[in-house]
Amino acid sequence: MTAPTTTTVASAPLSSVFNLHEFEVIASKALPEKVYAYYACSADDEVSYRQNHHSWARVFFRPKVLVDVSEIDLRTQMLGQQCRLPFYVSATALCGLGNPAGAECSIARACAQPQWRVPQMVSTFSSDPLAKIAAAVETPQLLWFQLYVGGDRTATAELVAQARALGLSALFVTVDAAQPGNRERDLRFKFSNADTSKGPSVMAAGQTAQGTSGALSKLIDPALSWDDIRALVRDSGLPVILKGVQRVDDALRAAELGCRGVVLSNHGGRQLDFSVPPVEVLADLVPELRKRGITKEQFDVFVDGGIRRGTDVLKALCLGASGVGIASPFLYANSLYGQEGVEHAFDLLVKELVLSMRLLGVTRIEDLNEDLLDLRGLYDRGMPPRGPFHHHDTTFETNARY
Ligand SMILES: Cc1cc2nc3c(=O)[nH]c(=O)nc-3n(C[C@H](O)[C@H](O)[C@H](O)COP(=O)(O)O)c2cc1C
């Protein structure tokens, strides 16, 4: 096992970061412009990006009082595995752009610490090779593999076999990225693998393209279809979860085909602008699964996009999600502060979760349910932007000190 590596491009002390939003605020000032552009870009007018964030603020709680909440238990199950916490690190390509020394490995080390044991979904386009990431920790089963299916299905099958041989325990097939979204912030910069040694480990050296997203897109096959999913369920030897499902009928079809679950996601608003916020799909899907007698033991529903607070996580769990994915805050934490930053982000989230469970009057994850929510505003898309930070807000000043 190699020694932990951290990177510190931020001058704000980690102790001054009080919530997950603030990692992005600092990153927007501290990361190289080109790196921040790729990490922060979303599609077209970034409406889905902003709606993802607002959508969690449309759900309110109906807390119970006078419940003994001295002991709070955050343990739960995801993919049939016992987990200490109800969230995972979602896949982000190219963690090495922001953290050349630690890349995905320092996230893996943070996740594997005994007090967290948070699953990490590793992107097909990781900067570090998969074998290096798996070797960085003693628990490769905490790693899940995010698969982009390429035009060469033999190469894809080899990637899957490698992930399985290395001990990764699930296959998240991304299905919302037939082509990268129109991410204009990123398009302003030319990606060149010659510029950086931290291009994706699966990409041949020397490639250039308009935008980092454009460079990666050449490795994704737009012909991916349900037949491929059927084949992966049959042949991969791993539980298959579809990442990027945006409709109830597609989720039900995934269940029928033998998938182990879905991630309701619009890729953080980076793909089709005006795709619906995943929380709305979650609220629509879970009753349909119940009607069909499909349980969490058979089929997990995950959700991601704009989840930044413990209260957001609780809302998703009340609506029936098995767990939630969070991507950007951990990517920024790792870029700015390495392993320590990612662990600080976990710590903040866990404190928020414990506090919010107490104030909600619930002590165990399995007792969270829809009765604790006021959903009357869920489909009201007219909500104003939610602070403290979003892309178009140039006036917000972070509380973090520099
Ligand atoms: C910089 C960046 C890179 C990403 N790379 C991938 C990827 O390689 N594969 C994938 O399936 N999703 C990728 N995503 C999407 C995330 O996994 C996740 O679905 C999305 O960011 C929503 O979560 P968030 O709002 O917590 O960031 C990426 C997101 C970001 C911000």
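Residues numbered from 1 in each chain as written. Predicted model: local features only at pLDDT ≥ 70, side-chain atom pairs only at ≥ 80, totals over all residues. Heavy atoms only, no water.

Heads up, the condition is: UniProt positions are given in the numbering used here, feature names are shortened, and annotations may be inferred rather than shown by experiment.
Looking at an unreviewed UniProt entry, the chain carries the name L-lactate dehydrogenase (cytochrome), with the source organism given as Maudiozyma humilis. Taken directly from UniProt, the Catalytic activity (unreviewed entry) text for the chain runs: "(S)-lactate + 2 Fe(III)-[cytochrome c] = 2 Fe(II)-[cytochrome c] + pyruvate + 2 H(+)". Taken verbatim from the UniProt record of the chain, the Subcellular location (unreviewed entry) comment is "Mitochondrion intermembrane space".

Considerations on the overall build of the chain
As a reminder of what qualifies: Runs of E in the DSSP output that reach at least two residues are strands. Runs of H or I that reach at least four are helices, and both are numbered from the N terminus. Contacts: residue pairs with any heavy atoms within 4.5 Å of one another. What sets the accessible areas is the Shrake-Rupley method with a 1.4 Å probe; for residues, cover comes only from the shown protein chains.
For the chain, the count of helices and strands is 14 helices and 14 strands. At a minimum sequence separation of 6, the contacts of the chain that also span at least 24 residues come to 75%. Carbon and sulfur atoms make up 52% of the accessible area of the chain, which amounts to about 16,400 Å² in all.

Topic: the pairing of strand β11 (residues 261–264)
Here is the rule: Working definition: with a 1.4 Å probe on protein chains only, accessible area under 20% of the residue-type maximum means buried, over 50% means exposed, and in between means partly exposed. When DSSP finds at least two bridges between two strands, those strands are taken to pair. Here a crossover is taken to be right-handed if, once the strands point away from the viewer, the path from the first strand over the helix to the second is traced clockwise.
Here β11 shows two buried faces, one formed by G261 and V263 and the other by V262 and L264. Relative to β11, strand β10 (residues 240–245) is paired through 4 bridges, and the arrangement is parallel. Bridged to V245 within β11 is L264. The handedness of the β10 to β11 crossover, carried by helix α11 (residues 248–256), is right-handed. Alignment of β11 against strand β12 (residues 300–304), held across 4 bridges, turns out to be parallel. In the sheet register, V263 faces β12, and the bridge partner there is F302. Handedness of the β-α-β unit built from β11, helix α12 (residues 278–291) and β12 comes out right-handed.

Description of the pairing of strand β13 (residues 323–326)
Across the two faces of β13 the burial is the same, with G323 and G325 and V324 and I326 all buried. Taken together, the 3 bridges between strand β4 (residues 87–89) and β13 define a ladder with parallel strand orientation. The residue of β13 that forms the bridge with Y88 is G325. One crossover worth recording links β12 to the parallel β13 by way of helix α13 (residues 310–318), and it is right-handed.

Examining the UniProt feature "binding site: glyoxylate" (unreviewed entry) in the chain
Following the UniProt record, the feature "binding site: glyoxylate" (unreviewed entry) maps to Y38, Y148, R183, H267 and R270 here. Summarising the element assignment, Y148 is placed in the loop between β6 (143–147) and α7 (153–165). With a relative accessible area of 10%, Y148 lands in the buried category. Those residues within four positions of Y148 in sequence are excluded, and the remaining contacts are T124, F125, T156, T174, A177, I220 and H267.

A look at the packing of α11 against α12
For clarity, the threshold we go by: Lines are fitted to the C-alpha atoms to define the axes, a helix being fitted only along its stretch in contact, and any angle between axes, read from their N-to-C directions, falls within 0 to 180 degrees. Note that the term roughly parallel is reserved for angles under 35 degrees, roughly antiparallel for angles over 145, roughly perpendicular for angles of 65 to 115, and oblique for everything else. For any pair of crossing helices, the crossing counts as left-handed if the nearer helix is rotated counterclockwise from the farther one by less than a right angle, and right-handed if it is rotated clockwise. Following the grouping adopted for this structure description, the nonpolar residues are Ala, Val, Leu, Ile, Met, Phe, Trp, Tyr, Cys and Pro, the charged ones are Asp, Glu, Lys and Arg, and the polar ones are all others, Gly among them.
Where α11 meets α12, the axes come as close as 9 Å, and the angle between the chain directions of the two elements is 45°. Between α11 and α12, the angle is such that the two are oblique. Once α11 is placed against α12, the crossing between them reads as right-handed. Along the contact surface, α11 presents V248, A251 and L252, while α12 presents V281, D284, L285, E288 and L289. Looking at side-chain class alone, the contact of α11 with α12 contains 6 nonpolar, no polar and 2 charged residues.

Re the pattern of salt bridges
Think of it this way: side chains of opposite charge can pair up when their charged atoms draw near. Let me state the cut-off plainly: Throughout this description, the term salt bridge denotes a Lys or Arg side-chain nitrogen within 4 Å of a carboxyl oxygen of Asp or Glu.
Applying the stated criterion across every chain yields a total of 19 salt bridges. With a shortest N-O distance of 2.8 Å, R230 and D227 are connected by a salt bridge. Of the two residues, R230 and D227 both sit in helix α10 (residues 226–235), 3 residues apart, roughly one turn of that helix. Note on R230: relative accessible area 39%, which makes it partly exposed. The class of D227 is exposed, set by a relative accessible area of 52%.

Regarding the packing of aromatic side chains
What counts here: Centre distance within 6.5 Å is the pairing criterion for rings of Phe, Tyr and Trp, where only the six-membered ring of Trp is used; planes under 30 degrees apart are then read as stacked, over 60 as edge-to-face, and the remainder as tilted. As a reminder, the over-ring test applies to NZ of lysine and CZ of arginine, requiring each to be within 6 Å of the ring centre and within 35 degrees of the ring normal.
Summed over all chains, the structure comprises 15 aromatic pairs. Each ring, one from W144 and one from F172, has its centre 5.0 Å from the other, and the planes form 20°; the classification is stacked. Remark: F172 occurs in strand β7 (residues 171–174) and W144 occurs in strand β6; sequence separation between them is 28 residues. No difference in accessibility class separates W144 from F172, as the two residues are buried. Of the aromatic side chains, those joined through ring pairs into one cluster are Y36, Y38, Y39 and Y332. The cationic tip of R270 hangs over the ring face of Y38; the distance from NZ or CZ to the ring centre is 5.1 Å.

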